[in-house]
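As a plain string of letters, each chain reads:
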Amino acid sequence: MLPADWIEHRRPDGEVLGWMVSDGEGFRVRDLLGRELTPEPVDWLEGEELLEALGIGYLADRWVLTLPDGTQRPVRIAEASPRGVIVVGDEYGAASAVGAVLDRFRLPFPAPQELRPAR
């Protein structure tokens, strides 16, 4: 569930880019995975510029999910919303294969640190 004090920031076409959360005189910025992007509060304009620069393309990148047993799985994000984050296994590009049966993992929102960008 999205906290009531999170303010949506959208692109001109209506696509949500993230959220701004009031913190004292400034705002903390959250991406579409619910992760905080700013270590300190920033002003509104700086927060908007940060979300605009980030965009949504990073969601299509490869990610790594560390499972409870320590195994690391390459994954792609299938869905990211305040209801949760769903990732699918992407060994050898399987997430792009038509008709592939993929392992699906439901993660909480904000996404946990066990999900990180592949390097």
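Treat the numbers as computed from the prediction; the structure is a model and nothing was measured.

1. Examining unusual backbone geometry
- Going from Phe-109 to Pro-110, the amide bond is cis rather than trans, its omega being -5°.
- Relative to the helices and strands, Pro-110 is located in the loop between strand 7 (104–107) and strand 8 (115–117).

2. Quick notes on the sheet that holds strand 2 (residues 16–23)
- An order of 1-2-3 is seen for the three strands of this open sheet, with the pairing classed as antiparallel. Across the chains shown, the open sheet's two edge strands, defined by having one partner strand only, are strand 1 (6–10) and strand 3 (26–30). On average, each strand axis in the sheet is tilted by 35° relative to the strand beside it, whichever way the strands run.
- Bridge count for strand 1 against strand 2 is five bridges, and the pairing is antiparallel. Within strand 2, the residue paired with Ile-7 across the bridge is Met-20.
- Contacts between helix 1 (residues 44–54) and the sheet are confined to strand 1, strand 2 and strand 3, with strand 2 contributing the most and set at about 155° to the helix.

3. Overview of the environment of Glu-15
- Looking at the element boundaries, Glu-15 is found in the loop between strand 1 and strand 2.
- When the C-alpha atoms of Glu-15 and Gly-55 are compared, they prove to be 9.5 Å apart, with 40 residues separating the residues in sequence.
- With residues up to four places along the chain from it excluded, the contact list for Glu-15 reads His-9, Arg-10 and Ile-56.

Calculation notes
- Residues numbered from 1 in each chain as written.
- Predicted model: local features only at pLDDT ≥ 70, side-chain atom pairs only at ≥ 80, totals over all residues.
- Heavy atoms only, no water.
- Helix = DSSP H or I, 4+ residues; strand = E, 2+ residues; numbered from the N terminus.
- Pairing = 2+ DSSP bridges.
- Axes fitted to C-alpha atoms, helices over the stretch in contact; angles between N-to-C directions.
- Contact = heavy atoms within 4.5 Å.

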